[in-house]
Amino acid sequence: MIDITLTINGEKRRFSVGAGETLLELLRREGYKSVKKGCESGDCGACTVVLNGRAVTSCIVFAAKADGGTVLTAEGLESGGVLHPIQKAFLEEGAVQCGYCTPGMEMATYDLLSHNPDPSAIEIKEALSGNLCRCTGYTKVIQAVREAAAEVLESVPVNLSMSQLTPQLGNPRIEVRNLAAALIAKFGEGAVPYLLDALKEGNEDVRKFSADILGLAGSDKAIEDLAAALYDPVENVGVAVAEALGKIKAPAALPYLLAAFDKRDYLKRECAESLGLLGVPEGAIFLMEKLAETDDLLVQYAMVDALGNAGDRRVLEFLEKNFDSLPAELHNAASLSLLKVANRENIRLLSRPTAPVAAIISGSLEDNEDYRQLLIGQIDEQVPEEVLTALLQI
């Protein structure tokens, strides 16, 4: 079992989870029944929650991988018995019928409006495309999202000047993500200097949120200033900065992430994940060198997962060679990374005598549609007959 910490609907809690336990299974076990069990393959959207500010289908997210994260479910939308504008709009516009898919749609809507406070009909449809409903024709759902957007946007003081707007990041009465989305939409890269000032001078919540938005804005102009905040006295701010450096996806962030990985244990996991997002071979080589020196299972998991995103043929050979020496809890992550690299490099993994084929095939038994699609991409006429036989038995 793996011990993790999650902040769910504002409450920080600790759990012991299995290596293969999904976030969906954990949430339902702990009583968050708005998170519905549907397809278990990430297709229907009934299990959608907001994890670290973005909507995810919790049935394909390992609970262990969410460690340290912030989760919002539909139970957490209302405050003091008052419905959130999204919930209110879904009721008033008649977008709720049997209700099974509604919580997932509400959470997808929350994510949309957090990053785009004034979406078009096309943007609404795209944002909800992963949420299936058998009861409606979706028309009333789209109307509900529009109504919710109009009400939420009223709380965003978009007419303020930039210097007045930035301090509002710390105002608990305002949907801060909607505020930041409006800020970026209105001022573009002109918002970056003000967000950097907030990163240096605001309280903890303002600094964390400023880092997050700088990452989402994707401005490489902010890298040097962001990196200076990696070692903020408040560890959570440093963690937010490490995540932001990965979101920008600029190679210039590489040396800062490598240094932070070595200097601060509490930054190792976020630095590893960000190195994966950067997708540069130098980051993958660094992670391969450091993997044997790391004994924290969650950090190891992040490192192995990042290898799949950033690695090339050298990573494939490394994972093949060291697969059996990895903890059993990492075998599924290592198999997934092997498949990612093999598909990206056009390597027929299932035909290689050095590949841990049995483990790769058994990993597909987990309800992970991405894994299965990667595995299907490896099947061709060169696959040995015994491997095809094993695949057909899944």
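For the structure itself, look to the data block above.
These numbers come from a predicted model, not from an experiment.

(A) Here's a closer look at the nonpolar core. Core analysis: the biggest nonpolar cluster contains 74 residues, and L226, V241 and L287 have the highest contact counts within it. Not counting the four nearest positions on each side in its chain, L226 is found in contact with L199, A211, L214, V241, A244, L245 and I248. In this structure, V50, A95, A108 and C133 belong to the second largest nonpolar core, which totals 24 residues.

(B) Structural view of the packing of aromatic side chains. Going through the model one piece at a time under the given rule, you end up with two aromatic pairs. Seen in terms of ring centroids, F62 and Y301 are 6.2 Å apart; in terms of plane orientation they differ by 85°. Their pairing is edge-to-face. Taken as a pair, F62 in the loop between β4 (54-57) and β5 (70-72) and Y301 in helix α15 (residues 297-310) lie far apart in primary sequence, 239 residues in all. Using a relative accessible area of 15% as the deciding quantity, one classes F62 as buried.

(C) Structural context of the environment of K36. As for its placement among the helices and strands, K36 is situated in the loop between α1 (23-29) and β3 (48-51). Linking K36 and E25, residues 11 residues apart in sequence, is a C-alpha distance of 9.7 Å. Not counting residues within four places of it along the chain, the set of residues in contact with K36 comprises L24, R28, A46, C47 and Y100.

(D) Inspection of a nonpolar patch on the surface at higher detail. Taken together, L83, L91 and V96 make up a surface patch of nonpolar side chains, about 240 Å² in accessible area. Here L83 is to be found in the loop between β5 and α2 (85-92). Judged by relative accessible area, which is 38%, L83 ranks as partly exposed.

(E) A look at the pattern of salt bridges. Across all of its chains, the model carries 18 salt bridges by this definition. We note a salt bridge from R269 to D67, for which the minimum N-O separation is 3.6 Å. Separated by 202 residues along the polypeptide, R269 in helix α13 (residues 268-278) and D67 in the loop between β4 and β5 bring together distant segments of the chain. R269 gets classed as buried once you look at its relative accessible area, which sits at 12%.

Cut-off values and rules
- Residues numbered from 1 in each chain as written.
- Predicted model: local features only at pLDDT ≥ 70, side-chain atom pairs only at ≥ 80, totals over all residues.
- Heavy atoms only, no water.
- Core = buried A, V, L, I, M, F, W, Y, C linked by side-chain atoms within 4.5 Å.
- Buried < 20%, exposed > 50% of the residue type's maximum accessible area, 1.4 Å probe, protein only.
- Contact = heavy atoms within 4.5 Å.
- Phe/Tyr/Trp six-rings, centres within 6.5 Å; stacked < 30°, edge-to-face > 60°.
- Helix = DSSP H or I, 4+ residues; strand = E, 2+ residues; numbered from the N terminus.
- Patch = residues over 30% accessible without salt bridge, like charges linked within 9 Å, V, L, I, M, F, W, Y side chains within 5 Å.
- Areas by Shrake-Rupley, 256 points an atom, 1.4 Å probe, with all protein chains shown as cover.
- Salt bridge = Lys/Arg side-chain N within 4 Å of Asp/Glu carboxyl O.

On their own, these measurements won't tell you what the molecule is for.
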